[in-house]
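# A closer look at the structure
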Amino acid sequence: MKIGVIGGGQLGRMLALAGTPLGMNFAFLDPAPDACAAPLGEHLRADYGDQNHLRQLADEVDLVTFEFESVPAETVAFLSQFVPVYPSAEALRIARDRWFEKSMFKDLGIPTPAFADIQSQADLDNAVASIGLPAVLKTRTLGYDGKGQKVLRSQADVVDTFAELGSVPCLLEGFVPFSGEVSLVAVRARDGETRFYPLVHNTHESGILRLSVASSEHPLQALAEDYAGRVLEKLDYVGVLAFEFFEVDGGLKANEIAPRVHNSGHWTIEGAECSQFENHLRAVAGLPLGSTRKVGESAMLNFIGEVPAVDKVVAIDDCHLHHYGKAFKVGRKVGHATLRCADTATLEQKIQQVEALIAG
Ligand code: AMP
């Protein structure tokens, strides 16, 4: 079976690494000459709106999936005429726009921060008056890793920030005084079967994920599964979906969903019976889902900007290096390490060892 992937970054690369043993081949559509998934399949180097290359991709593959959600709606609509596309155009339409996404959460009875659609400075002034400060202003689309958003702390921020973000449609959210951030990676098959990985506790720095620790029997697991299950059903979703939550007052508030494999699920490569990448491919290909059971205690640390010396990383027992083969650049995710240990005390110790390498 040949899978077409829109986007050829590290998520595409790890999909190919998981799918190759299943007998799958891959074609990546990505305009970047140095797309890091390219060595693992065919690289169609073209813009996402290039209909000749989209048609070529559709002719060559059995189905198409995505490694990022900001794919133009027209690209999805065009491809869908010729080849099955998972997840659906509707799932992408909702997940790529924070207003549609939060409105869906609200309709499904899933708690969120207070939020308002912002189309103008006047909208922002009114929304700040009702939601209050601090608050977070986020562009409705195209934001990632903390980009396209700003915390508003004082009235001075209210005056400047809408223009600073480009005077584009935004969402204002009440600032959540969370005690933690967790994410749930879920997978839903074509026949509707749904499985969930254990909740993951995430630590961010400057808006970028640094550390994910998979939990054992988290008290909010069932609640998170209930909320994610509602979304998956509503969207008749096929594939992996990640759901990010704020932990607050002993409950959960929904932050956002990602309609794809997710950075907070990278630990599953070594830390779960079947990884998020393999399960995404199983789901979209119509194969039975694999077990989401955690094997051992597991965590993932991102390498941002550069990968520490390979010999030092692999010298740590229980540590698995994933080097994305990308050029090193400040703020760019260039690799990660998965730790899988027998117990939490060992895991804690190994996290510190990897952190020491990152600190140099
Ligand atoms: P996002 O791109 O929406 O995931 O936001 C990136 C990070 O900003 C989150 O992981 C949080 O740490 C922080 N953040 C986003 N929205 C809020 C909010 N409403 N209240 C507090 N912190 C937030």
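Computed from a prediction, not measured in an experiment: that's the story for all the values here. (Residues numbered from 1 in each chain as written. Predicted model: local features only at pLDDT ≥ 70, side-chain atom pairs only at ≥ 80, totals over all residues. Heavy atoms only, no water.)

Let us now look at the overall build of the chain. The number of helices and strands found in the chain is twelve helices and 17 strands. Its C-alpha atoms put the chain at 55 × 55 × 40 Å along the principal axes. In the chain, which comprises 360 residues, the proportion classed as buried is 54%. For the chain, the share of sequence-separated contacts (at least 6 apart) that also reach a separation of at least 24 residues comes to 61%. Looking at the chain as shown, the accessible area adds up to about 14800 Å², and 50% of this sits on carbon and sulfur atoms. (Helix = DSSP H or I, 4+ residues; strand = E, 2+ residues; numbered from the N terminus. Buried < 20%, exposed > 50% of the residue type's maximum accessible area, 1.4 Å probe, protein only. Contact = heavy atoms within 4.5 Å. Areas by Shrake-Rupley, 256 points an atom, 1.4 Å probe, with all protein chains shown as cover.)

Here we come to the site of the ligand. Taken together, 15 residues form the shell around the ligand, and within it K138, E173, V176, E181 and E256 come nearest. Contact distances for the ligand include 3.0 Å between an oxygen atom and a side-chain N or O atom of N255. Elements represented by at least two residues in the shell around the ligand include exactly β6 (135–139), β8 (170–174), β13 (239–248) and β14 (251–258). The residue makeup of the shell around the ligand, split by class, is five nonpolar, four polar and six charged. Two domains share the shell around the ligand, each providing at least three of its residues, namely domain 2 (114–174) and domain 3 (180–359). (Near = heavy atom within 4 Å. Polar contact = N/O pair within 3.5 Å; in protein donor to acceptor, adjacent residues only side chain to side chain. Nonpolar A, V, L, I, M, F, W, Y, C, P; charged D, E, K, R; others polar. Domains from an automatic or database assignment.)

Here we take up the environment of V261. Note that V261 resides in the loop between β14 and α9 (268–271). As a C-alpha pair, V261 and V240 span 21 residues in sequence and 5.6 Å in three-dimensional space. Excluding residues within four positions of it along the chain, V261 makes contact with L11, L15, V240, Q276, F277 and H280.

Attention now goes to the UniProt feature "domain: ATP-grasp" (unreviewed entry) in the chain. In this numbering, the UniProt entry assigns the feature "domain: ATP-grasp" (unreviewed entry) to residues 102–285. Counted over residues 102–285, helix gives 30% and strand 33%. Its end C-alpha atoms are 29 Å apart. (UniProt positions renumbered as here; feature names shortened; annotations may be inferred.)

One finds I3, F26, W267, F277 and L281 to be the most contacted residues of the largest nonpolar core, which totals 36 residues. Not counting the four nearest positions on each side in its chain, W267 is found in contact with Y197, P198, V200, A214, A272, K294, S298, A299, M300 and T338. (Core = buried A, V, L, I, M, F, W, Y, C linked by side-chain atoms within 4.5 Å.)

By the definition in use, this model includes 20 salt bridges. Among the salt bridges present, the one from D97 reaches R140, with a minimum N-O distance of 2.9 Å. Taken together, the residues D97 in the loop between α4 (89–95) and α5 (98–107) and R140 in the loop between β6 and β7 (149–152) connect sequence positions 43 residues apart. Here the two residues D97 and R140 agree in accessibility, since each one is buried. For K350, the salt bridge is made with D318, and the minimal N-O distance between the two is 3.7 Å. Highlighted residues: K350 in helix α12 (residues 344–359) and D318 in the loop between α11 (310–314) and β16 (319–323), separated in sequence by 32 residues. For K350, a relative accessible area of 10% gives the class buried. Each of K2, E42 and E60 takes part in salt bridges that share partners, so that together they form one network. (Salt bridge = Lys/Arg side-chain N within 4 Å of Asp/Glu carboxyl O.)

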